[in-house]
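Working through the structure, step by step
Each chain is listed here by its residues.
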Amino acid sequence: MRTDRVTPGSQTSLREANRARIVAAVQRRGALTQIELAGVTGLSPATVSNIVKELTAAGVLHTSPSTRSGRRALQVSLARNLGLVAGVHFGNRSLRVALADASLRVLADQRMPLAPDHRADVGLRRAALLVTEMVESVDAGPEELLAMGVCIPAPVDRRTGGITTVGMMRGWDGMPLPELLGEELDVPVVVENDANLGALAETRFGAAVGHDPVVYLRVSHGVGGGIVLGGQLVHGRAGGAGEIGHVTIDERGPICRCGNRGCLETFVGAPALLGMLAGSHGNLTLGDLIGRAVEGDPGCRRVLADTGRHLGVAAANICNLIDPGIIVVGGRLAEAGDLLLDPMRAVLEQRTMPSASGPPGVAAAALGAAAEVRGALAVALDTARVSGALGVGP
């Protein structure tokens, strides 16, 4: 007679698998209550509670009192002693560096300006120095740094970490970025496009949680985009997937830095927007443009409305190709809120394929200016886990 008894060995394997599932969920989300862990992993609350107690006693997890919906709860995160990860965001004119523990709790965050067309070696050296100073500032040793994520405003080859499009960042072409930073800090380094990491962060922690697919648009000095499908970033053949800033809006338009004519970026990037206002408003910054528009300045409002419409035209093309669940807009211009987003929504309603559910929702990035660096921290933690440096989970 056949019996389906569970052997002690299989029970042990199941428990180990459940432990790994819980640790992976905390690694991915940063910090969760036990009830949220049960929902994410599909395990019973009792099983989650028992495993959390074991892993807390083993120094893998850390628990702390919290509240959810007015009720007391126990928040679960990875223990600080598991190590640190760093995230670096190179903008066109600024550098942002953040340091986080293994639960992605940010311990230090610093920005500094960069000269336009700064050289890669200068920027990388500054980033390494900032990370070293941050590690020291939290009373940690260099051996506690496990990995680093870096995002840059250009398409990136996933295999080499180098820029795939010549001329997008002067002085950065052909630079072996992961090797250079890895030598400085002696940790694994993963390099990604900044909009890709903004998309990843908003999908995991921000406005796009629970949506799929996700389109993220980063509108600031330049224009970038990222796509998340099935929880994974879409890179394409050479890292150029999602580069909405270089979708052609007018084939007879201005020459773009990529060498093409009439790219979206030449109409809605900061130089174009501020240039339109120079004659009537003098020299402005993006912050000035947004602030005056919010205060009611008609010229600045018109510029933002036109920008929203241009973004809507380009985004509609993406919507008709991949049918996203949500479009998240980040970058500096997202601070304009509905002054930018309402014209974009109107164009999407006109230009997307009619559907019973209507056009996709449009939301400002919940993580704001921190989206890209949060994404860099997330891929650094993923890298530490995959490389085994984190010491927990598969």
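Residues numbered from 1 in each chain as written. Predicted model: local features only at pLDDT ≥ 70, side-chain atom pairs only at ≥ 80, totals over all residues. Heavy atoms only, no water.

**Quick look at the packing of helix 4 (residues 120–137) against helix 5 (residues 177–185)**
- Here helix 4 crosses helix 5 at 35 degrees, and the two axes come no closer than 10 Å. Note that helix 4 runs across helix 5; the crossing there is right-handed. Here helix 4 contributes Leu124, Arg125, Ala128, Val131 and Thr132 to the contact with helix 5, which in turn contributes Leu177, Leu180, Leu181, Glu184 and Leu185.
- Here the residues of the contact of helix 4 with helix 5 are counted per class, giving 7 nonpolar, 1 polar and 2 charged. (Axes fitted to C-alpha atoms, helices over the stretch in contact; angles between N-to-C directions. Helix = DSSP H or I, 4+ residues; strand = E, 2+ residues; numbered from the N terminus. Left-handed = near helix turned anticlockwise from the far one by under 90°. Contact = heavy atoms within 4.5 Å. Nonpolar A, V, L, I, M, F, W, Y, C, P; charged D, E, K, R; others polar.)

**Some remarks on the sheet that holds strand 3 (residues 71–78)**
- Taken together, 3 strands build an open sheet; the order of strands is 1-3-2 and the sheet is antiparallel. The open sheet is flanked by strand 1 (31–33) and strand 2 (61–68), the only strands paired with a single partner. Averaged over neighbouring strand pairs, the angle between their axes works out to 30 degrees when direction is ignored.
- In terms of strand pairing, strand 1 meets strand 3 through 3 bridges, oriented antiparallel. Bridge pairing links threonine 33 to glutamine 75 in strand 3. (Pairing = 2+ DSSP bridges.)

**Some details on the pairing of strand 3**
- In this structure, strand 2 lies alongside strand 3, joined through 8 bridges in antiparallel fashion. Pairing of leucine 61 across the sheet is with leucine 78, part of strand 3.
- What sits between the antiparallel neighbours strand 2 and strand 3 is a turn of 2 residues, in which serine 69 has the positive phi angle 55 degrees.

**Thoughts on the pattern of salt bridges**
- Evaluated as defined, the whole model comprises 16 salt bridges.
- Between aspartate 157 and arginine 159 there is a salt bridge whose closest N-O contact spans 3.2 Å.
- Aspartate 157 sits in the buried class, given a relative accessible area of 15%.
- Residue class for arginine 159 comes out exposed when judged on its relative accessible area of 74%.
- The salt bridge involving aspartate 306 is made with arginine 302; its shortest N-O contact spans 3.0 Å. In this pair, aspartate 306 and arginine 302 are both assigned in helix 10 (residues 298–322), 4 residues apart and thus about one turn of the helix distant.
- Residues participating in the shared-partner salt-bridge network are Arg15, Glu16, Arg19 and Glu54. (Salt bridge = Lys/Arg side-chain N within 4 Å of Asp/Glu carboxyl O. Buried < 20%, exposed > 50% of the residue type's maximum accessible area, 1.4 Å probe, protein only.)

**Details of helix 8 (residues 270–281)**
- Within helix 8, burial applies to Ala270, Ala272, Leu273, Leu274, Leu277 and His281.
- Looking at the buried positions of helix 8, the neighbouring elements they touch are helix 7 (265–268), helix 9 (286–294) and helix 10.
- Downstream of helix 8 by a residue or two, glycine 282 has a phi angle that is positive, lying close to 80 degrees.

**Considerations on the packing of helix 10 against helix 11 (residues 338–351)**
- Where helix 10 meets helix 11, the axes come as close as 7 Å, and the angle between the chain directions of the two elements is 40 degrees. In terms of axis orientation, helix 10 runs oblique to helix 11. The handedness of the crossing between helix 10 and helix 11 comes out as right-handed.
- When grouped by side-chain class, the residues that make up the contact of helix 10 with helix 11 number 13 nonpolar, 4 polar and 3 charged. (Parallel < 35°, antiparallel > 145°, perpendicular 65-115°, else oblique.)

**Quick word on the sheet that holds strand 10 (residues 223–229)**
- The strand order across the open sheet built from 5 strands is 11-10-9-12-13, with neighbouring strands paired in mixed fashion. The sheet is open, and its two borders are formed by strand 11 (232–233) and strand 13 (361–364), each paired with just one other strand.
- Note: strand 10 against strand 11, 2 bridges, orientation antiparallel. Residue pairing in the sheet places leucine 229 in a bridge with glutamine 232 of strand 11.
- Of the strands in this sheet, strand 9 (214–219), strand 10 and strand 12 (326–330) touch helix 10, which is tilted by about 160 degrees from strand 9.

**Quick notes on the nonpolar core**
- Within the largest apolar cluster, 36 residues are counted, with the highest numbers of intra-cluster contacts made by Leu217, Leu289, Ile327, Val329, Leu333, Met344 and Leu348.
- Put simply, the parts of the chain that give this core at least two residues each are strand 9, strand 10, helix 8, helix 9, helix 10, strand 12 and helix 11.
- A per-element tally of this core places helix 10 first, with 9 residues.
- Those residues in contact with leucine 348, other than ones at most four positions away along the chain, are Gly312, Ala315, Ala316, Cys319, Ile327, Pro359 and Val362.
- Counting 35 residues, the second-largest nonpolar core is a separate cluster that includes Leu124, Ala154, Val156 and Trp172. (Core = buried A, V, L, I, M, F, W, Y, C linked by side-chain atoms within 4.5 Å.)

**Details of the environment of proline 359**
- Topologically, proline 359 is positioned in the loop between helix 11 and strand 13.
- In sequence terms proline 359 and glycine 325 are 34 residues apart; their C-alpha atoms lie 8.9 Å from each other.
- Apart from the residues within four sequence positions on either side, proline 359 is in contact with Leu348, Glu349 and Thr352.

**Points about the confidence of the model for the protein chain**
- Here the protein chain averages 88 in pLDDT, while 95% of its residues score no lower than 70.
- Mean pLDDT values for the elements of the protein chain range from 77 in helix 1 (residues 8–29) up to 97 in strand 12. (pLDDT = per-residue confidence, 0-100.)

**Quick notes on the environment of aspartate 186**
- One can find aspartate 186 in the loop between helix 5 and strand 8 (189–193).
- Looking at aspartate 186, the relative accessible area reads 70%, which means it is exposed.
- Taking the C-alpha atoms as reference points, aspartate 186 and histidine 211, separated by 25 residues in sequence, lie 37 Å from one another.

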